[in-house]
Amino acid sequence: MKIERYLTREFGRWFLVGLCLFVVLSLVIEFFEKIDDLIDYHASVQLSLSYFAYRALLFLLQFVPLAVLFATLVTLILWSRSGELLALLSCGISPRQIALPFLFAAMLFS
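Described below are features of the structure shown in this document. Note that this is a predicted model, so its numbers are computed, not measured.

Here the focus is the nonpolar core. Ranked by internal contacts, the top residues of the largest apolar core, which has 18 residues, are Phe 11, Phe 15, Leu 19, Phe 63 and Ile 98. Those elements that place two or more of their residues in this core are helix H1 (2-40), helix H2 (45-82) and helix H4 (95-109). Here this core takes seven residues from H2, the largest share from any one element. When neighbours within four sequence positions are excluded, Phe 15 is seen to be in contact with Val 64, Ala 67, Val 68, Ala 71 and Phe 109.

Pasting the structure below:
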């Protein structure tokens, strides 16, 4: 149905925003923690970039559950504030049907 696609699209948008935000923030923190070591040991730029690429993959895997939680909370809060959640409920859509895309995404990503 179109409602599930809409719910999934909104969830997916906030999931990607949250995941990118967490990964980029972690990489920036990691960069500033390791910059002294990289300079002290005369690490090449290629070696440094490959190190941060591997760290980005690790952060990506670690932050998927947090991004799912973030996307669920932000999506539901924004829908509640704009009245979309109330509109969905008043149109006869059950809370289980609203929660189904979130649960499916959580199962898929876990």
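A separate point is the environment of Ala 87. Along the chain, Ala 87 turns up in helix H3 (residues 84-90). A relative accessible area of 35% places Ala 87 in the partly exposed class.

With that out of the way, let us pick up H2. Here H2 spans only 47 Å end to end across 38 residues, well under the 56 Å set by a 1.5 Å rise per residue. The largest bend along H2 reaches roughly 45 degrees and is located at Phe 63, with the proline Pro 65 sitting one to four residues downstream. Just past H2, the residue Gly 83 takes up positive phi, approximately 90 degrees.

Bringing the packing of aromatic side chains into the picture now. Each pair of aromatic rings is reported with the distance of its centres and the angle of its planes. Under the counting rule described, the total for this entry stands at 11 aromatic pairs. A centroid spacing of 5.7 Å and a plane angle of 75 degrees characterise the contact between Phe 22 and Phe 70, whose relative ring orientation is edge-to-face. Residue Phe 22 is located in helix H1, and its partner Phe 70 is located in helix H2; the two are separated by 48 residues in the primary sequence. Note on Phe 22: relative accessible area 16%, which makes it buried. Seen from their ring centres, Trp 79 and Phe 102 are 5.9 Å apart, and the 55 degrees between their planes marks the pair as tilted. Residue Trp 79 is located in helix H2, and its partner Phe 102 is located in helix H4; the two are separated by 23 residues in the primary sequence.

About the cut-offs
Throughout this description, residue numbers start from 1 for each chain and increase along the sequence as written. Residue-level local features of this predicted model are given only where pLDDT is at least 70; pairs of side-chain atoms are given and counted only at 80 or more, and the full residue set underlies all totals for whole chains, interfaces and linings. To obtain the side-chain values, all non-hydrogen atoms of the structure were included, while hydrogens and water were left out. Think of a nonpolar core as a cluster: buried Ala, Val, Leu, Ile, Met, Phe, Trp, Tyr and Cys residues, connected wherever their side-chain atoms sit within 4.5 Å. Burial status follows relative accessibility: with a 1.4 Å probe on protein chains alone, a residue under 20% of its type maximum counts as buried, one over 50% as exposed, and anything between as partly exposed. Only DSSP runs of H or I with at least four residues qualify as helices, and only runs of E with at least two residues qualify as strands; both kinds are numbered from the N terminus onward. Residues count as neighbours in contact if any of their non-hydrogen atoms are within 4.5 Å of one another. By this rule, a helix spans an expected 1.5 Å times one less than how many residues it contains. At every residue, the bend is computed as the angle between two fitted axes, covering the seven residues ending there and the seven beginning there respectively. Ring pairs are drawn from Phe, Tyr and Trp, using the six-membered ring of Trp, whenever the two centres fall within 6.5 Å, and their geometry is named by plane angle: stacked under 30 degrees, edge-to-face over 60, tilted for the rest.

Geometric descriptors of this kind do not, in isolation, establish any biological role.
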